[in-house]
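# Observations on the three-dimensional arrangement
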Amino acid sequence: MQEELNKNLFDSLIKFLQKSHSGFQKNSRDWGCQIKLREIPTAALILGVNVTDHEFTFRSLTEAVQNNVTPYVVSLQARDCPDMKHFLQKVFSQLMDCRVDVESKEEEKDIQKRTHCSMDSLSSWYMNVTQTDPGKPRKKRTSSQWQSPPVVLILKDMESFTTKVLQDFIIISSQHLHEFPLILIFGIATSPVIIHRLLPHAVSSMLCIEIFQSLSCKEHLTTVIDKLLLTTQFPFKLSEKVLQILTSIFLYYDFSIQNFIKGLQLSLLEHFYSQPLSVLCCNLPEAKRRIHFLSDNQCENIRRLPSFRRYVEKQATEKQVALLTNERFLKEETQSLLESLHVYHTNYFLALRCLHQFTSSLPKYPLGRQIRELYCTCLEKNIWDSEEYASALQLLRMLAKDELMTILQKCCSVLKSSSEKQLGSTAKRIEELLAQLQSLDAEVKEEEDASGSQSKGLQKTDLYHLQKSLLEMKELRRTGKKQTKFEILREKVVNFIDSLVREYLLLPETQPLHEVVYFTAAHTLHEHLNAAPRMALHTALNNPYYYLKNEALKSEEGCIPNVAPDICIAYKLHLECSRLINLVDWSEAFATVVTAAEKTDANSITSEERNDIIHARFIRAVSELELLGFIKPTKQKTDHVARLTWGGC
């Protein structure tokens with residue numbers, strides 16, 4: 001999916017690389033004339049601040065460039081290039097790895113060890129390689145059309161590189177460009193302005209820069225949700241609170257699609273681990289087959305589901321008895337309910353997409369600009385009860401004819417693109433409304449103009465004109481002025497979409513057996529993804545059994561087990577102290593607890609040695625607590641430390 005999202009970006013980059021190198025391949029003399037200005041072709045790749053996803057993007061880009069442009073691709077990070085020496089060494093070593101035949105690669109690595117890395121040595125290596133490689137067998141690549149392929153250097157985190165290293169490399173490379181055809185790709189997380197901040201004009205003028213912008217992280221997120229959740233292809237779904245947690249972490253913390261997908265995978269794991277009936281969370285034919293093999297306990301689990309119990313309560317008395325006592329009848333009814341759930345989701349997503357087409361272009365976006373925002377709203381509550389929905393309907397009643405026709409055409413495309421033939425006669429009804437709009441002739445337009453109504457629709461989207469138009473419409477309804485044909489037809493369209501929403505965008509909780517496919521344990525997910533490290537530390541140190549599951553560590557509330565780890569004993573003792581802790585008293589209390597577990601070995605060593613060992617263990621435990629931030633040294637009193645935490649932790 002991400003490769004598909006990056007396809008247009010990579011295609012543009014590859015065209016740029018091929019175009020930049022074509023002059024050198026066509027005529028080296030002409031190329032030499034063209035580069036008198038010593039301009040290095042440079043692609044500034046703006047990837048955004050979702051840094052955790054950049055590695056995947058650069059890995060895919062490297063593969064695409066190697067397959068389509070040149071086998072000589074080098075990727076560098078700032079942490080590996082603190083100075084010019086290390087920079088050139090990394091370039092040289094990675095270029096060695098680009099060679100196909102192993103023997104030549106080993107020979108060149110030996111040469112590299114004996115040779116001082118410089119641009120002269122790189123140029124000599126390149127000239128030698130391009131003269132000898134064409135006659136040798138190599139991996140089949142489309143880049144083999146060039147006898148002298150370019151060297152593409154990718155700087156993954158351009159902002160982090162030292163200014164001096166970048167300047168020196170660019171100045172030196174521009175002087176060797178006629179014999180070492182270099183193309184640069186700058187990975188930029190912030191803005192192209194960073195190039196001019198890092199490089200003075202004298203250096204940046206040596207670069208022929210073209211900017212390439214990747215899709216924004218929000219567009220990536222919308223696509224992922226659209227492809228994975230707003231479809232019946234994958235039965236697994238998220239509840240409103242779970243989806244809200246994942247999107248909030250994405251939007252307010254890291255902008256990382258990789259982390260969002262990991263959260264989705266964690267939700268999937270938790271659902272299948274904690275929900276016994278998740279065995280039925282699969283495609284419909286397979287789910288129907290599995291129902292036949294459900295055990296008695298699994299049938300009882302179905303009967304315990306809150307949604308199923310509500311469904312049973314609505315049935316006739318005879319059917320209630322059969323559902324609660326007859327296993328075979330229950331399985332047949334479960335098959336029917338799962339099929340209804342599948343139809344519900346099919347209709348739901350089609351209606352959601354149609355509503356999104358109507359509301360995504362409205363002024364101020366009352367129901368959100370992205371379909372994921374609309375989806376979250378629909379999962380949270382009945383959308384028709386919200387003020388935003390009422391505001392959206394008011395704005396829809398002010399659309400112009402061409403805008404209304406465009407939206408209806410998009411809705412037709414949405415319904416036709418679906419392989420599922422659902423939503424009853426909705427598609428046919430939309431086509432009828434579209435045909436009626438198209439049949440409005442010039443006389444109707446003249447009538448609309450003469451009436452002075454709002455039939456031409458909303459021409460300006462600022463707040464003043466919106467309020468003015470709404471007041472005029474309200475006045476028209478109050479005075480009972482006759483509506484034009486277009487206004488009547490527009491009202492029909494708005495009423496139609498309203499009825500569609502009320503019929504199909506019902507809350508998932510209203511559907512029997514929705515627990516089978518919906519993961520709702522938002523609290524569990526929040527604990528894993530939004531961890532509270534201080535609380536986890538307190539739990540581990542105060543009650544080590546919680547994590548270690550060692551029966552010897554079980555203890556009553558307030559007691560300190562003498563077999564617990566040293567840091568746990570020291571921690572529980574420090575909880576009993578005030579703001580300042582006397583190290584001598586603390587050490588004696590520690591020794592008292594520890595020696596209670598070591599009385600059996602009292603005769604094996606002398607008492608002095610035992611005290612020295614206990615003292616060393618105590619010092620290590622105190623140092624660990626200081627490292628974790630629970631205590632710190634203080635000058636207020638001799639042989640004291642200050643406690644940094646209060647209350648339960």
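As recorded in an unreviewed UniProt entry, the protein goes by the name Origin recognition complex subunit 3, listed as coming from Myotis myotis. Its UniProt record gives the protein a comment under Subunit (unreviewed entry), which states: "Component of ORC, a complex composed of at least 6 subunits: ORC1, ORC2, ORC3, ORC4, ORC5 and ORC6. ORC is regulated in a cell-cycle dependent manner. It is sequentially assembled at the exit from anaphase of mitosis and disassembled as cells enter S phase." Database annotation for the protein, UniProt heading Subcellular location (unreviewed entry): "Nucleus".

This part covers the confidence of the model for the protein. Chain-level statistics for the protein give a pLDDT mean of 84 and a share of 84% at 70 or above. The low-confidence segment residues 133-144 (pLDDT under 50) makes 23 contacts with residues lying over four places distant or belonging to another chain. Low pLDDT, under 50, characterises residues 453-460; the predicted model gives this stretch 26 contacts beyond four residues in sequence or across chains.

Moving on to the environment of Ala44. Here Ala44 is to be found in strand 1 (residues 40-46). Spatially, the C-alpha atoms of Ala44 and Glu210 are 6.1 Å apart, while their sequence positions differ by 166 residues.

Now for the pairing of strand 10 (residues 640-643). Here is the key point about a regular strand: its side chains alternate between the two faces of the sheet. Judged from the three bridges that link them, strand 8 (residues 580-582) and strand 10 form a sheet pairing that is antiparallel. When the sheet's bridge partners are listed, Leu580 is paired in strand 10 with Ala642. As paired strands, strand 9 (residues 631-633) and strand 10 are joined by three bridges and run antiparallel to one another. If you follow Pro633 over to strand 10, its bridge partner there is Val641. Joining the antiparallel neighbours strand 9 and strand 10 is a turn of six residues, in which Asp639 adopts a positive phi near 60 degrees.

Attention now goes to unusual backbone geometry. Non-glycine residue Phe255 carries a positive phi angle of around 55 degrees. In this structure, Phe255 sits in the loop between helix 11 (240-254) and helix 12 (257-274). Phi is positive for Leu513, close to 65 degrees, though the residue is something other than glycine. Inspection of the secondary structure puts Leu513 in the loop between helix 24 (485-504) and strand 7 (518-519).

Overall, antiparallel pairing links the three strands, which are arranged 8-10-9 in an open sheet. Lying at the two open borders of the sheet, with one neighbouring strand each, are strand 8 and strand 9. Within this sheet the neighbouring strands show an average axis-to-axis angle of 40 degrees, counted without direction. Running over the sheet, helix 29 (residues 583-595) touches strand 8, strand 9 and strand 10 and is turned about 60 degrees from strand 8.

On to the nonpolar core. Counting residues in each nonpolar core, the largest one holds 92 residues, and the members touching the most others are Leu238, Leu243, Phe308, Phe358 and Ile383. The element contributing the most residues to this core is helix 17 (residues 327-359), with 13 residues. Here Phe358 is in contact with Leu396, Leu404, Ile407, Leu408, Cys411, Val493 and Ile497, once residues within four sequence places are set aside. Ile40, Trp125, Ile194 and Leu198 belong to the second largest nonpolar core, which has 44 residues in total.

In a beta sheet, neighbouring strands pair by backbone hydrogen bonds and run either parallel or antiparallel. One open sheet holds the five strands; their spatial order is 2-3-4-1-5, and the pairing between them is parallel. Every other strand in the sheet has two partners, leaving strand 2 (73-76) and strand 5 (207-213) as the edge strands with one partner each. Strand-to-strand twist in this sheet, taken as the mean axis angle between neighbours without regard to direction, amounts to 20 degrees. Here four bridges tie strand 2 to strand 3 (residues 151-155), and the two strands are oriented parallel to one another. Within strand 3, the residue paired with Ser75 across the bridge is Ile154. The strands touched by helix 7 (residues 163-175) are strand 1, strand 3, strand 4 (182-188) and strand 5; relative to strand 4, the strand with the most contacts, the crossing angle is about 155 degrees.

Turning next to the side chain of Asp498. With respect to the secondary-structure elements, Asp498 resides in helix 24. Dropping the residues within four chain positions of it, Asp498 is found in contact with Tyr389 and Leu393.

Closest axis-to-axis distance for the helix 10 (residues 217-228)/helix 11 pair is 11 Å, and the angle between their directions is 160 degrees. Here helix 10 lies roughly antiparallel to helix 11, going by the angle between them. The two elements helix 10 and helix 11 meet at a crossing, and its hand is right-handed. Here Cys217, Lys218, Leu221 and Ile225 of helix 10 come into contact with helix 11, specifically with Leu243, Thr247, Phe250 and Leu251.

What counts, and at which threshold
- Residues numbered from 1 in each chain as written.
- Predicted model: local features only at pLDDT ≥ 70, side-chain atom pairs only at ≥ 80, totals over all residues.
- Heavy atoms only, no water.
- UniProt positions renumbered as here; feature names shortened; annotations may be inferred.
- pLDDT = per-residue confidence, 0-100.
- Contact = heavy atoms within 4.5 Å.
- Helix = DSSP H or I, 4+ residues; strand = E, 2+ residues; numbered from the N terminus.
- Pairing = 2+ DSSP bridges.
- Axes fitted to C-alpha atoms, helices over the stretch in contact; angles between N-to-C directions.
- Core = buried A, V, L, I, M, F, W, Y, C linked by side-chain atoms within 4.5 Å.
- Buried < 20%, exposed > 50% of the residue type's maximum accessible area, 1.4 Å probe, protein only.
- Parallel < 35°, antiparallel > 145°, perpendicular 65-115°, else oblique.
- Left-handed = near helix turned anticlockwise from the far one by under 90°.

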